Amino acid sequence: MDNLEQRIQKIEENIQNACNTAGRDRSEITVVAVTKSVSSTRTEDVFNAGIIDLGENRPDGLIQKQQELNDKNIVWHYIGNVQSRSVRDMVGGIGFLHSLSRMSIAKEIQKRASEPVNCFVQVNVSGEDSKSGVPPEELESFIAELSAYDKVRVVGLMTMAPHIDDELLIRSIFRQMRELRDSIVEKEFTHAPCNELSMGMSNDYTIAIEEGATFVRIGTALVGAEGEGNR
Ligand SMILES: *Cc1c(COP(=O)(O)O)cnc(C)c1O
């Protein structure tokens, strides 16, 4: 039997506890269910269980699910690497792009979008070579430069913490993200209100919430591992 409801209930409990620890309100946090590794059927179950924000990390997976679930009021989040050639196909159909880290992609969004796109700028705080993202020391100039593109609206910053057990290190990465976010907010860029923080996955979302996350992207802990799909 499907234990989706129980998984969601457990996650909700954890989120509430993290909110209590940090003195935050649950309503400040949006849960994005990352459905990249499960079928459209399973994705529909997640939506029916009450989670309307869904995340995909490949253009073909996103587009396929958008087509198969097109009668649902889903807010789609694109969380994967973006290639210039895929911008056109997805730019009109997503609520949020979590992974803007190259100026060429901003340029492509400007060319293809008819409405401003809500973008998170991905930051590589941990400095891992394998991760994409703007280095912290280049973040301010990157965001300043984005003002040239009125179809790009910088709603916040996104990061992926390294896959390690070191809670203190993960926490310090999330804390640096919050400080970076605050430093951008201070600039009062009109194209970059940058109030949001997209951080925290299955292994670390409670830490992320304690450190200020407003969007958490939860995959396996929420949807399970179905053993199919497009990961
Ligand atoms: C896959 C993925 C997630 C979710 O990962 P889980 O560990 O399964 O929760 C979150 N963010 C991004 C960018 C991802 O690619």
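Residues numbered from 1 in each chain as written. Predicted model: local features only at pLDDT ≥ 70, side-chain atom pairs only at ≥ 80, totals over all residues. Heavy atoms only, no water.

Colleague: Describe the packing of aromatic side chains, listing the residues and the values that go with them.
Modeller: Within the structure shown, the criterion is met by three aromatic pairs. Ring centres 6.1 Å apart and planes at 45° place the aromatic pair Phe96 and Phe120 in the tilted group. Taken together, the residues Phe96 in strand β4 (residues 96–100) and Phe120 in strand β5 (residues 117–122) connect sequence positions 24 residues apart. Among the residues examined, Phe96 registers a relative accessible area of 16% and is labelled buried. A centroid spacing of 5.3 Å and a plane angle of 55° characterise the contact between Phe96 and Phe215, whose relative ring orientation is tilted. Note that Phe96 is positioned in strand β4 and Phe215 in strand β8 (residues 215–218), a separation of 119 residues in sequence. A single burial state applies to Phe96 and to Phe215, both of which are buried. Three or more aromatic residues link up through ring pairs in this structure, and these residues are Phe96, Phe120 and Phe215. (Phe/Tyr/Trp six-rings, centres within 6.5 Å; stacked < 30°, edge-to-face > 60°. Helix = DSSP H or I, 4+ residues; strand = E, 2+ residues; numbered from the N terminus. Buried < 20%, exposed > 50% of the residue type's maximum accessible area, 1.4 Å probe, protein only.)

Colleague: Residue-level account of the pattern of salt bridges, with values.
Modeller: Enumeration according to the criterion identifies 17 salt bridges in this entry. Ionic pairing is found between Glu12 and Arg26, a salt bridge with its closest N-O pair at 2.7 Å. On the criterion of sequence distance, the pair formed by Glu12 in helix α1 (residues 4–22) and Arg26 in the loop between α1 and β1 (30–34) is long-range, its members being 14 residues apart. Glu12 sits in the partly exposed class, given a relative accessible area of 30%. Owing to a relative accessible area of 22%, Arg26 belongs among the partly exposed residues under this scheme. Each member of the salt-bridge network shares a partner with another, and the members are Glu167, Arg171, Arg175, Arg178, Glu210 and Glu211. (Salt bridge = Lys/Arg side-chain N within 4 Å of Asp/Glu carboxyl O.)

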